[in-house]
Amino acid sequence: MVAAGLIPAPADPFPPTLTLALEKVETLRYGENPHQPAARYRRPGTTLADGLFGVERAPLQGKAISYNNVLDAAAASSLGRALRGPGVVIVKHTNPCGAAERPTLLEAWSAALEADPVSAFGGVVALTRPVDRVVAERLVSIFLEVVIAPAVEPDALAVLATKPNLRVLIDEALAEDVPSGRLDPTGSIRTAGGAVLVTVPDVAPDDADVWSCATRRVPTDAELLDLDLAWRLVRGVTSNAIVLVKDRRLVGMGSGQTSRVDAARQAVAKAHTMLGASATLGAACGSDAFFPFADAVEVCLAAGVSAFAQPGGSVRDPETIAAVDAAGAAMVLTAVRHFRH
């Protein structure tokens, strides 16, 4: 098993000089804030495999897409593509605040929204199946910025049109239960303090079959389903990231914290505030990176969390695993890290 977060490469795939051609799509009203001018570009030759905005087409309806809409819609689409079957993810400020997989799209929407209706206000929603009239009626019952789906039925579009400012985007890849992102070595480009950082996007699907169980107790089938969803969601949460899932629904999330124990406290507090103390009993926890201490695990165990997925690789792994064993809970090691800075 390779060390957590490391992918051995046979050769350096990056050229000494990288020339990028960008096609301007549009000048935006403004950037992240009103005092910042902004524009949107795309690389020639991109496809839907590169992401929601890899192809250029107009929204089915709504106001022009803003800078922040692009960021949130891209995040929602990426997370939505990782869902399986009928599913819904609600994103706010690029982080998921609601997510669920259910037998029907309507059930998935209701479950996702119930977990945090406060954060969902003004959010971006990705749905993995075509939107029908009944689902559309639920969507327009709250204020949303963007709705993304693989298709929208005509009578549903008439309902969505009652909210003329609501942007409606199509992403056919949302209906695929197996993600098909392109592992382009130069597919992710960011600027930072005068530097330009280039990396392969973190879009390769995870394989739960290669996880190893580190505890005496093996996760139950139900816990494995929740761990699988928690692990698919946690890669879309800003680090430090903790995700709590119960019955295939996101119930609590800690994001952007400077310590992992604070992320765990935030996730538990969110779950209890929105759904009550029972929300974390028997829940599964996904951690985007290893636990440097047992404290974050102990916070989750005290709240009744019964299963954990984490990369492993900390020098204190034995201490953390011992705490899980002492509580009769289960922990799997994924050997993959999902930091998102």
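Residues numbered from 1 in each chain as written. Predicted model: local features only at pLDDT ≥ 70, side-chain atom pairs only at ≥ 80, totals over all residues. Heavy atoms only, no water.

Undergrad: Summarise the overall build of the protein; cite the residues concerned and give the values.
TA: The secondary structure content of the protein amounts to 9 helices and 15 strands. Principal axes of the C-alpha set define a box for the protein whose edges measure 55 × 55 × 35 Å. Here the protein, with 341 residues, has 46% of them falling under the buried criterion. Here the analysis covers contacts within the protein between residues at least 6 apart in sequence; of these, 52% occur between residues at least 24 apart. Accessible surface for the protein amounts to roughly 15700 Å². Of this, 57% is attributable to carbon and sulfur atoms. Within the protein, the 37 negative side-chain charges are centred at a point lying 5 Å from the centre of the 31 positive side-chain charges. (Helix = DSSP H or I, 4+ residues; strand = E, 2+ residues; numbered from the N terminus. Buried < 20%, exposed > 50% of the residue type's maximum accessible area, 1.4 Å probe, protein only. Contact = heavy atoms within 4.5 Å. Areas by Shrake-Rupley, 256 points an atom, 1.4 Å probe, with all protein chains shown as cover. Lys, Arg positive; Asp, Glu negative; His and termini not counted. Charge placed at Lys NZ, Arg CZ, Asp CG, Glu CD.)

Undergrad: Help me get a handle on the environment of Gly 328, residues and values and all.
TA: As for its position among the elements, Gly 328 is in the loop between α9 (317–326) and β15 (330–333). A relative accessible area of 43% means that Gly 328 is categorised as partly exposed.

Undergrad: Please set out the state of the cysteines residue by residue, giving values where relevant.
TA: Using the criterion set out here, one finds 0 disulfides in the structure. Cysteine Cys 97 shares no disulfide, and the gap to the nearest cysteine sulfur, in Cys 285, comes to 19 Å. The thiol of Cys 213 is not disulfide-bonded; the next cysteine sulfur, from Cys 285, is found 15 Å away. Since its relative accessible area comes to 35%, Cys 213 is described here as partly exposed. (Disulfide = S-S within 2.5 Å.)

Undergrad: Provide a residue-level description of the sheet that holds strand β13 (residues 284–287), including the pertinent values.
TA: Across the sheet, 6 strands lie side by side as β10-β15-β14-β13-β11-β12; this open sheet has mixed pairing. Lying at the two open borders of the sheet, with one neighbouring strand each, are β10 (212–213) and β12 (250–254). Here 3 bridges tie β13 to strand β14 (residues 307–310), and the two strands are oriented parallel to one another. If you follow Cys 285 over to β14, its bridge partner there is Phe 308. The strands that helix α8 (residues 295–302) touches are β11 (242–245), β13, β14 and β15; relative to β14, the one it contacts most, it runs at about 150 degrees. (Pairing = 2+ DSSP bridges. Axes fitted to C-alpha atoms, helices over the stretch in contact; angles between N-to-C directions.)

Undergrad: Which residues make up the packing of helix α7 (residues 260–275) against α8, and what values go with them?
TA: How two helices sit against one another is set out by the angle between their axes and by the gap between those axes. Packing of α7 against α8 leaves a shortest axis separation of 8 Å and a crossing angle of 15 degrees. Relative to α8, the element α7 is oriented roughly parallel. Handedness of the α7/α8 crossing: right-handed. Here Arg 260, Val 261, Ala 264, Arg 265 and Val 268 of α7 lie close against α8, whose contacting residues are Asp 295, Ala 296, Val 299 and Cys 300. Looking at the contact of α7 with α8, its residues break down into 6 nonpolar, no polar and 3 charged. (Parallel < 35°, antiparallel > 145°, perpendicular 65-115°, else oblique. Left-handed = near helix turned anticlockwise from the far one by under 90°. Nonpolar A, V, L, I, M, F, W, Y, C, P; charged D, E, K, R; others polar.)

Undergrad: Let's hear about the pairing of β14: which residues, and what values?
TA: Across the two faces of β14 the burial is the same, with Ala 307 and Ala 309 and Phe 308 and Gln 310 all buried. Tracing the backbone out of β13, into α8 and back to the parallel element β14 gives a crossover that is right-handed. Both β14 and β15 contribute to a ladder of 4 bridges, which runs parallel. Each bridged residue has a counterpart across the sheet, and for Gln 310 the counterpart in β15 is Leu 333. On the question of chirality, the crossover connecting β14 to the parallel β15 by way of α9 is right-handed. (Right-handed = clockwise from strand over helix to strand, strands pointing away.)

Undergrad: Which residues make up the pairing of strand β4 (residues 95–101), and what are the values?
TA: For β4, a buried count of 7 out of 7 residues is recorded, marking the element as mostly surrounded by other parts of the structure. Relative to β4, strand β3 (residues 87–92) is paired through 6 bridges, and the arrangement is antiparallel. Residue pairing in the sheet places Lys 92 in a bridge with Asn 95 of β4. Between β3 and the antiparallel strand that follows it, β4, lie 2 residues; His 93 among them carries a positive phi value of about 55 degrees.

Undergrad: Could you give an account of the sheet that holds strand β6 (residues 144–149), with specific residues and numbers?
TA: Strand order in the open sheet made by the 5 strands is β4-β3-β5-β6-β7, with mixed pairing throughout. A strand with exactly one partner marks an edge of an open sheet, and here the two such strands are β4 and β7 (167–170). Averaged over all pairs of adjacent strands, the angle between their axes in this sheet comes to 15 degrees, without regard to strand direction. Seen against the sheet, helix α1 (residues 67–82) touches β3, β4, β5 (123–127), β6 and β7 and runs at an angle of roughly 150 degrees to β3. Packed on one face of the sheet, helix α2 (residues 105–115) meets β3, β4, β5 and β6 and runs near 35 degrees to β3.

Undergrad: Tell me about the pattern of salt bridges, residues and numbers included.
TA: One pass over the full model with this rule turns up 20 salt bridges. Here Asp 171 and Arg 81 are joined by a salt bridge, their closest N and O atoms 3.1 Å apart. With Asp 171 in the loop between β7 and β8 (188–192) and Arg 81 in helix α1, the pair connects residues that are 90 residues apart, well separated along the chain. With a shortest N-O distance of 3.0 Å, Asp 262 and Arg 265 are connected by a salt bridge. With a gap of 3 residues between them, Asp 262 and Arg 265 both fall in helix α7, about one helical turn apart. (Salt bridge = Lys/Arg side-chain N within 4 Å of Asp/Glu carboxyl O.)

This is a description of form; function is not addressed.
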